[in-house]
Amino acid sequence: MIENLINFVRSRTFIYSVSGVVLLFGVLSLVNYLNDQKNQEEFLQFVEINEEFSNEAETAEDLFKRLDLEYQNFGYELITKSVLAKKALDEESFELALEIYLDINKQLKSSSIANATKNVLKEQYAENIVRLQIELDRYDDGKLFLEQTNLKSPRFYELGGDFYKSFGENELANQWYDKALDSDLNETQKNLIELKKPFDE
């Protein structure tokens, strides 16, 4: 079964990349559950569904409507939904990608993943969500998401600055950039953030 997993990850059917962190988490999760019959069945479902993503005749929207993407094992679900969201992005189906990322982010909050790993994943998906809010010109939704997301990292603060800067909210942008600058960063990182700061008119 482990050999099948490795072959699948290397195969051409796994055509849409996910981040190294997500892939690592998924592989570890799969290996930990392989001895359980129910999870072996879920693994086969996972493989079958991801093979569907190589069908260029169907869009991400079609696949989202047709396939059951729910699993008992959150690792399978995390990877499958991430792959489909990436396909949606490639097709510029931004509304669908945002919907999927918001769903994953919600599930992450209630998952039993170790906090260190969870925070890394939450930061990654938060960035995807906020960038899509910018792309879709959703200021109110993006602002609410930033306010409700409990991440205290330089990258998240910088992301907040990018969000407000994109909507011309220079004062708020600088407040968020300053939070990043007050964090534990090296001089090169601080200089790059300083260059992003907009001038107040």
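First, a word on what this report is: a plain description of the structure on this page. Fair warning: this is a prediction, and the values are worked out from it, not measured in the lab.

## Quick look at the overall build of the chain
Then step 1. Each helix and strand in the chain was counted, giving 11 helices and zero strands.
Then step 2. Traced from its N-terminal end to its C-terminal end, the chain shows the element sequence α-α-α-α-α-α-α-α-α-α-α.
Then step 3. Of all 201 residues assigned to the chain, the portion counted as buried reaches 44%.
Then step 4. Of the contacts made within the chain by residues no fewer than 6 positions apart, 63% connect residues no fewer than 24 positions apart.
Then step 5. Accessible area of the chain: about 11,200 Å², with a carbon and sulfur share of 47%.

## Some remarks on the pattern of salt bridges
Two side chains that carry opposite charge are able to pair once their charged atoms sit near each other.
Then step 1. A full pass over the atoms with the stated rule returns 15 salt bridges.
Then step 2. For aspartate 162, the salt bridge goes to arginine 131, with nearest N and O atoms at 3.0 Å. Here aspartate 162 is found in helix α9 (residues 154-166), whereas its partner arginine 131 is found in helix α7 (residues 115-135), with 31 residues between them in sequence.
Then step 3. With relative accessibility at 11%, the residue aspartate 162 sits in the buried group.
Then step 4. Since its relative accessible area comes to 31%, arginine 131 is described here as partly exposed.
Then step 5. Linking glutamate 158 and lysine 196 is a salt bridge whose minimum nitrogen-to-oxygen distance equals 2.7 Å. Of this pair, glutamate 158 sits in helix α9 while lysine 196 is found in helix α11 (residues 187-196), placing the two residues 38 residues apart along the sequence.
Then step 6. On the basis of relative accessible area, glutamate 158 is assigned to the buried category, the value being 16%.

## Describing the packing of α7 against α9
Then step 1. Where α7 meets α9, the axes come as close as 10 Å, and the angle between the chain directions of the two elements is 0 degrees. Judged on the interaxial angle alone, α9 and α7 are roughly parallel. Between α7, through Glu123, Ala126, Glu127, Val130, Arg131, Gln133 and Ile134, and α9, the contact on the second element is made entirely by Arg155, Phe156, Leu159, Asp162, Phe163 and Ser166.
Then step 2. Broken down by class, the residue content of the contact of α7 with α9 amounts to six nonpolar, two polar and five charged.

## Section: the packing of aromatic side chains
Then step 1. Scanning the entire structure with this criterion turns up 12 aromatic pairs.
Then step 2. On the basis of an interplanar angle of 75 degrees and a centroid distance of 6.2 Å, the ring pair of tyrosine 139 and tyrosine 164 is categorised as edge-to-face. Taken together, the residues tyrosine 139 in helix α8 (residues 139-148) and tyrosine 164 in helix α9 connect sequence positions 25 residues apart.
Then step 3. Overall, the relative accessible area of 2% leaves tyrosine 164 in the buried class.
Then step 4. Seen from their ring centres, phenylalanine 156 and tryptophan 176 are 5.7 Å apart, and the 70 degrees between their planes marks the pair as edge-to-face. Linking phenylalanine 156 in helix α9 with tryptophan 176 in helix α10 (residues 170-181), this pair joins segments that are 20 residues apart in sequence.
Then step 5. Given the relative accessible area of 2%, phenylalanine 156 is considered buried.
Then step 6. Chaining the aromatic ring pairs together yields one cluster made of Tyr139, Phe156, Tyr157, Phe163, Tyr164, Phe167 and Trp176.
Then step 7. Lysine 179 extends its terminal NZ or CZ atom over the ring of tryptophan 176, reaching a point 4.5 Å from the ring centre.

Calculation criteria
Residues numbered from 1 in each chain as written. Predicted model: local features only at pLDDT ≥ 70, side-chain atom pairs only at ≥ 80, totals over all residues. Heavy atoms only, no water. Helix = DSSP H or I, 4+ residues; strand = E, 2+ residues; numbered from the N terminus. Buried < 20%, exposed > 50% of the residue type's maximum accessible area, 1.4 Å probe, protein only. Contact = heavy atoms within 4.5 Å. Areas by Shrake-Rupley, 256 points an atom, 1.4 Å probe, with all protein chains shown as cover. Salt bridge = Lys/Arg side-chain N within 4 Å of Asp/Glu carboxyl O. Axes fitted to C-alpha atoms, helices over the stretch in contact; angles between N-to-C directions. Parallel < 35°, antiparallel > 145°, perpendicular 65-115°, else oblique. Nonpolar A, V, L, I, M, F, W, Y, C, P; charged D, E, K, R; others polar. Phe/Tyr/Trp six-rings, centres within 6.5 Å; stacked < 30°, edge-to-face > 60°. Lys NZ or Arg CZ within 6 Å of the ring centre and 35° of its normal.

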